[in-house]
Amino acid sequence: MYFVPYIGENPYQPRLEEALKKQGFEVHKGRPRKLWSRLLRGEGKPTGLTHLHWLPSLRGGLKGLFAVFKFLGTLLMQRVMRHPVVWTVHNIQHHDANFPRLERLLGKIVFNLVSEVIVHSESGREITLSAFGVGDGNKVTVIPHGNYCSSYPNEVSREDARRDLDLAEDETVFLFLGRIRAYKGINALVEAFETLPAERVRLVIAGRTNSNSGLDPDKFGDGVIFHEGYVADERLQFYLNACDAVVFPYRDVLTSGAVVLAMSYGRACIAPRLGCIPDFLTSCDELLYDADDPGGLHGVLEFASGRREFLDDVGETLMKRASHWSW
């Protein structure tokens, strides 16, 4: 099996690779150009397949456009050679895409060229078929996103985690964890949080920023704690076990491994009704909001403030659900 492309810093592929190897698969990874060149030279096993994860971006001017045409040419050759290609649709288009319509057209072309398509929920299936304007759902298989229940250290208690992060035991703590990008709606989260009437609430933001995140920590109020920088695997447990709920104020999303990570740690999740998220977070409708509602996120944060026992119960339910999603 060939993983194309392979992004090791995203935990999804390493966990899937590990599970496939236990099932007897031989997994190859690297740059798509090198992997596909081997296939076209006949070096790949006839019984092998290519597992496509992410499509090339339509960025980079003429060079990027040439890469897209080369990608499609190689994919077409694989189809002619009857080499099976399975595509897991993680996104309908790249986040913050410069040319979203062209990226959807690219997705539609790829959908028709590949052998099989994987999505992570029934909603994801319907969204994918609608976005690419295709009616053939026979090649689409729904497979739940694998969990992270045993993927990272998880020995620290809530008390020790809060002591480490200098958080009081009686505070309701909301968490935003991970790389900070514009599409994740971090500024809307800060604005909604800082207008909460409730006392004894904290918002912890931990993750790397980039140049277009739009984040201005100098404007944060006293209730916001910002830890800028990459969060190492061994530190994840401190943030996730210290909080009462993880907040995902996404403006655009199909599948979210970050939601599955929070579920795997038994944390309640606050999120919009977008993409696969409502399917992931069944039975906790009180913590979902309409992305188009200007006051939706604020309303859920206000509802959750002070309801720590309720949030714990929701987190336990979500962890039990995620525990059934193997790789």
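Before reading further, recall that the structure is shown in the block above.
Residues numbered from 1 in each chain as written. Predicted model: local features only at pLDDT ≥ 70, side-chain atom pairs only at ≥ 80, totals over all residues. Heavy atoms only, no water.

A. Local environment of the overall build of the protein chain. Helix and strand counts for the protein chain stand at 12 helices and 12 strands. Whereas a compact globule of 327 residues would reach a radius of gyration of roughly 20 Å, the protein chain reaches 21 Å, a difference of no more than 12%. Taking the principal axes of its C-alpha atoms as reference, the protein chain extends roughly 65 × 40 × 35 Å. Scored against the burial criterion, the 327 residues of the protein chain give a buried share of 51%. Sequence-distant contacts, at least 24 apart, represent 70% of the contacts inside the protein chain between residues at least 6 apart. By element, 50% of the accessible surface of the protein chain is carried by carbon and sulfur atoms, the whole surface being about 15900 Å². Mean positive and mean negative side-chain charge positions of the protein chain (38 and 41 charges, respectively) differ by 12 Å. (Helix = DSSP H or I, 4+ residues; strand = E, 2+ residues; numbered from the N terminus. Rg over C-alpha atoms; globule rule 2.2 N^0.38 Å. Buried < 20%, exposed > 50% of the residue type's maximum accessible area, 1.4 Å probe, protein only. Contact = heavy atoms within 4.5 Å. Areas by Shrake-Rupley, 256 points an atom, 1.4 Å probe, with all protein chains shown as cover. Lys, Arg positive; Asp, Glu negative; His and termini not counted. Charge placed at Lys NZ, Arg CZ, Asp CG, Glu CD.)

B. The environment of His-94, seen in detail. By the element assignment, His-94 lies in the loop between strand E4 (85–88) and helix H4 (100–113). When the C-alpha atoms of His-94 and Leu-58 are compared, they prove to be 8.9 Å apart, with 36 residues separating the residues in sequence. Reaching out from His-94, the side chain makes a polar contact with the backbone oxygen of Leu-55 at a distance of 3.0 Å. (Polar contact = N/O pair within 3.5 Å; in protein donor to acceptor, adjacent residues only side chain to side chain.)

C. Quick look at the packing of helix H6 (residues 158–165) against helix H8 (residues 233–242). Taken N-terminus to C-terminus, the directions of H6 and H8 make an angle of 105°; their axes are 8 Å apart at the nearest point. Of the possible angle classes, the one that applies to H6 and H8 is roughly perpendicular. For the pair formed by H6 and H8, the contact residues are Arg-158, Ala-161, Arg-162, Asp-164 and Leu-165 on the first element and Arg-235, Phe-238, Tyr-239, Asn-241 and Ala-242 on the second. (Axes fitted to C-alpha atoms, helices over the stretch in contact; angles between N-to-C directions. Parallel < 35°, antiparallel > 145°, perpendicular 65-115°, else oblique.)

D. Seen up close, the pattern of salt bridges. On inspection of all chains with the given rule, the structure shows 18 salt bridges. With a closest N to O distance of 3.1 Å, Asp-290 and Arg-273 form a salt bridge. On the criterion of sequence distance, the pair formed by Asp-290 in the loop between strand E12 (288–289) and helix H11 (296–304) and Arg-273 in the loop between strand E11 (268–272) and helix H10 (277–280) is long-range, its members being 17 residues apart. Classification of Arg-273 by relative accessible area gives partly exposed; the value is 34%. (Salt bridge = Lys/Arg side-chain N within 4 Å of Asp/Glu carboxyl O.)

E. Region of interest: the packing of aromatic side chains. Applying the stated rule across the entire model yields 11 aromatic pairs. A centroid spacing of 6.4 Å and a plane angle of 20° characterise the contact between Phe-3 and Tyr-6, whose relative ring orientation is stacked. Residue classification places Phe-3 among the buried positions, given a relative accessible area of 0%. Overall, Tyr-6 belongs to the partly exposed group, its relative accessible area being 24%. Among the aromatic residues, ring-to-ring pairing joins Tyr-12, Tyr-148, Tyr-152 and Trp-327 into one connected group. Across the ring face of Phe-238, the terminal group of Arg-235 is positioned such that the distance to the ring centre comes to 4.2 Å. (Phe/Tyr/Trp six-rings, centres within 6.5 Å; stacked < 30°, edge-to-face > 60°. Lys NZ or Arg CZ within 6 Å of the ring centre and 35° of its normal.)

F. Spatial organisation of H4. Between its first and last C-alpha atoms H4 spans 20 Å; for 14 residues at 1.5 Å apiece the expected length is 20 Å, and the two agree. The set of residues buried in H4 consists of Glu-103, Leu-106, Gly-107, Val-110, Phe-111 and Leu-113. The arc that holds the buried residues of H4, viewed along the axis, is 160°, so those residues lie on one side. (Expected span 1.5 Å × (residues − 1). Arc of directions from axis to C-beta.)

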